[in-house]
Amino acid sequence: MKRMVLFLTVLCMLHLNACTKNQPVTEPSTETSMQEIKNTKPAENQNIESDLEETISPEELMDAFGIPVLLPWNPNWIKKREYQLDESGMKISYYDAMAEANCTVQVANGGELDLPDHAYDGTLDEAWEGRTISNKVVPVKVQHSIDNKDVLATWEYGSYKFAIQGNIPGDPMDSSSIPKTAIYIIQNLE
């Protein structure tokens, strides 16, 4: 139990430290050994126990942005998360193991998203929808590039604009996990 608390503390410290410097955050891999975590030393004149009360969880970090933007926590699906928060919005880069795609979630509050400039095949457009915690229906538009290498899911919620862009290097067998990630994010909105 103590090792798990220590691991979670180190993870939260990484998130907090990187976000205060507007740097990307990379989660430790599941292969990070407990010995590496034990060797992580707190800053001078601090101890792990006091950090537990002062660290901010990823959910609280996203709440600081105004809303939670939560990805599924299935390590067989979503891997290598990197968070970036700045004045233009939030970006979360991750690897989608189901679609075998490098993906980026973008969220802007009242601003515009920096979307990729791809030609999309309108005949492949899909309409998905998610329901918020309060049961509000949020439509999601899913587009596929002409070469079928890029998938773009977009939606809006209040003053927030969202997009998930997935780059699929090989022939996609199934890219539905990208809009399913969008649905998961929506299900965690108030």
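Owing to the predicted nature of the structure, the values given are computational and were not obtained by experimental measurement.

What counts and what doesn't
Residues numbered from 1 in each chain as written. Predicted model: local features only at pLDDT ≥ 70, side-chain atom pairs only at ≥ 80, totals over all residues. Heavy atoms only, no water. Pairing = 2+ DSSP bridges. Helix = DSSP H or I, 4+ residues; strand = E, 2+ residues; numbered from the N terminus. Buried < 20%, exposed > 50% of the residue type's maximum accessible area, 1.4 Å probe, protein only. Contact = heavy atoms within 4.5 Å. Polar contact = N/O pair within 3.5 Å; in protein donor to acceptor, adjacent residues only side chain to side chain.

**Q** Mind laying out the pairing of strand S6 (residues 137-144), listing which residues take part and the relevant values?
**A** Both strand S5 (residues 126-131) and S6 contribute to a ladder of six bridges, which runs antiparallel. In the sheet register, Glu-126 faces S6, and the bridge partner there is Val-142. The turn joining S5 and S6, which pair antiparallel and follow one another in sequence, is formed by five residues; a positive phi near 70° is taken by Asn-135. The pairing of S6 with strand S7 (residues 150-157) spans four bridges and is antiparallel. Looking at the pairing, His-144 lines up with Val-151 of S7.

**Q** Go over the pairing of strand S3 (residues 89-96), please, and point to the residues and values.
**A** Here strand S2 (residues 78-86) pairs with S3 via seven bridges, running antiparallel. In the strand pairing of S3, Asp-86 is matched with Gly-89. Count of turn residues in the S2/S3 antiparallel hairpin: two residues. Here seven bridges tie S3 to strand S4 (residues 101-109), and the two strands are oriented antiparallel to one another. Paired with Ser-93 across the bridge in S4 is Thr-104.

**Q** How would you sum up the environment of Ser-134? Please name residues and give values.
**A** Counting through the fold element by element, Ser-134 comes out in the loop between S5 and S6. With relative accessibility at 52%, the residue Ser-134 sits in the exposed group. With 55 residues separating them in the primary sequence, Ser-134 and Leu-189 have C-alpha atoms 8.1 Å apart. Dropping the residues within four chain positions of it, Ser-134 is found in contact with Leu-189 and Glu-190. Separated by 3.1 Å, the side chains of Ser-134 and Thr-132 make a polar contact.

**Q** Describe in detail the side chain of His-144, supporting the description with residues and values.
**A** Secondary-structure assignment places His-144 in strand S6. Looking at His-144, its side chain comes within polar contact range of the side chain of Glu-126, at 2.6 Å.

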